[in-house]
Amino acid sequence: MRQLIAWLVGVLTMGLLVGLALLFASAHNPPRPGPTPPVVAVARPLPSGGLAAPQREVERGRASHAITPSADPKRGRAIYERENCSTCHAIAGTGNPRTPLDGVGKRLNDEELKAWITGAVVAVDGLSPSIVKRKQRYRELPESDLADVVAYLSHLEE
């Protein structure tokens, strides 16, 4: 009889632990958003009659983007992955859900994105000292890498 009671208490304890773990996980991990529609770049005609390189200009509230034509969002994504940004941030449900970057291109313009990436003085008020210290290493990235990451993040509007 004691064995049966001990086994029953063990099973109930495990069930309670699993239930609490699931409850905690669902409370701290928001549901994954659906797929984001692709951003389409449109070539604008030049006054000379030729076509300009695709350039995206967005005016929505505060965010205004005039991405350098040489900035490559695909390369920016590769740099985002290389620098392990997903340990602190999430995009489309992949990475750390505590600080998602979905829609960041809608909220911040290119200069603001760069300030947040590098922990510049402008962004320091919204960051803890340990985060600012961690972000300072991104100031050593080449300017072209920063421009590519900014181009990638500015496409994250949805």
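Okay, the overall build of the protein chain next. On a plain count of helices and strands, the protein chain comes out with 7 helices and 4 strands. The N-to-C order of helical and strand elements in the protein chain reads α-β-β-α-β-β-α-α-α-α-α. For the protein chain, the residues scored as buried account for 28% of the 158 residues in total. Sequence separation of at least 24 residues holds for 59% of the intrachain contacts in the protein chain that already meet a minimum separation of 6.

Right, let's get into helix 2 (residues 73-82). Residues G76, I79 and Y80 constitute the buried set of helix 2. With its buried residues spanning 105° around the axis, helix 2 presents them on a single face. Against the buried residues of helix 2 lie strand 3 (90-91) and helix 7 (143-154). Put simply, D72 is the residue that caps the front of helix 2, since its side-chain oxygen is 3.1 Å from the backbone nitrogen of K74. Of the residues flanking the end of helix 2, it is N84, one or two places downstream, whose phi is positive at about 55°.

Once that is clear, we can look at the packing of helix 4 (residues 110-118) against helix 7. Any two packed helices are characterised by the angle at which their axes cross and by the distance between the axes. Interhelical geometry of helix 4 versus helix 7 gives an angle of 115° and a closest axis separation of 10 Å. Taken together, helix 4 and helix 7 sit at an angle that is classed as roughly perpendicular. As for how helix 4 packs across helix 7, the hand of that crossing is right-handed. Contact with helix 4, carried on its side by D110, L113, K114, I117 and T118, involves E143, L146, V149, V150, L153 and S154 of helix 7 and no other residues of that element. When its residues are assigned to classes, the contact of helix 4 with helix 7 shows 6 nonpolar, 2 polar and 3 charged.

The next subject is the side chain of S154. As for its placement among the helices and strands, S154 is situated in helix 7. Side-chain polar atoms of S154 contact the backbone oxygen of A151, separated by 2.9 Å.

Below, the discussion takes up the side chain of H89. Note that H89 resides in the loop between helix 2 and strand 3. Not counting chain neighbours up to four residues away, the residues in contact with H89 comprise Y80, T94, G95, N96, T99, L101 and K135.

Let's shift gears to unusual backbone geometry. Of note in the backbone geometry, N84 takes a positive phi value of approximately 55° without being a glycine. Among the secondary structure elements, N84 is positioned in the loop between helix 2 and strand 3. Located in the positive-phi region is A92, a residue other than glycine, with phi close to 55°. Position of A92 relative to the elements: it lies in the loop between strand 3 and strand 4 (94-95).

Criteria and thresholds
- Residues numbered from 1 in each chain as written.
- Predicted model: local features only at pLDDT ≥ 70, side-chain atom pairs only at ≥ 80, totals over all residues.
- Heavy atoms only, no water.
- Helix = DSSP H or I, 4+ residues; strand = E, 2+ residues; numbered from the N terminus.
- Buried < 20%, exposed > 50% of the residue type's maximum accessible area, 1.4 Å probe, protein only.
- Contact = heavy atoms within 4.5 Å.
- Arc of directions from axis to C-beta.
- Polar contact = N/O pair within 3.5 Å; in protein donor to acceptor, adjacent residues only side chain to side chain.
- Axes fitted to C-alpha atoms, helices over the stretch in contact; angles between N-to-C directions.
- Parallel < 35°, antiparallel > 145°, perpendicular 65-115°, else oblique.
- Left-handed = near helix turned anticlockwise from the far one by under 90°.
- Nonpolar A, V, L, I, M, F, W, Y, C, P; charged D, E, K, R; others polar.

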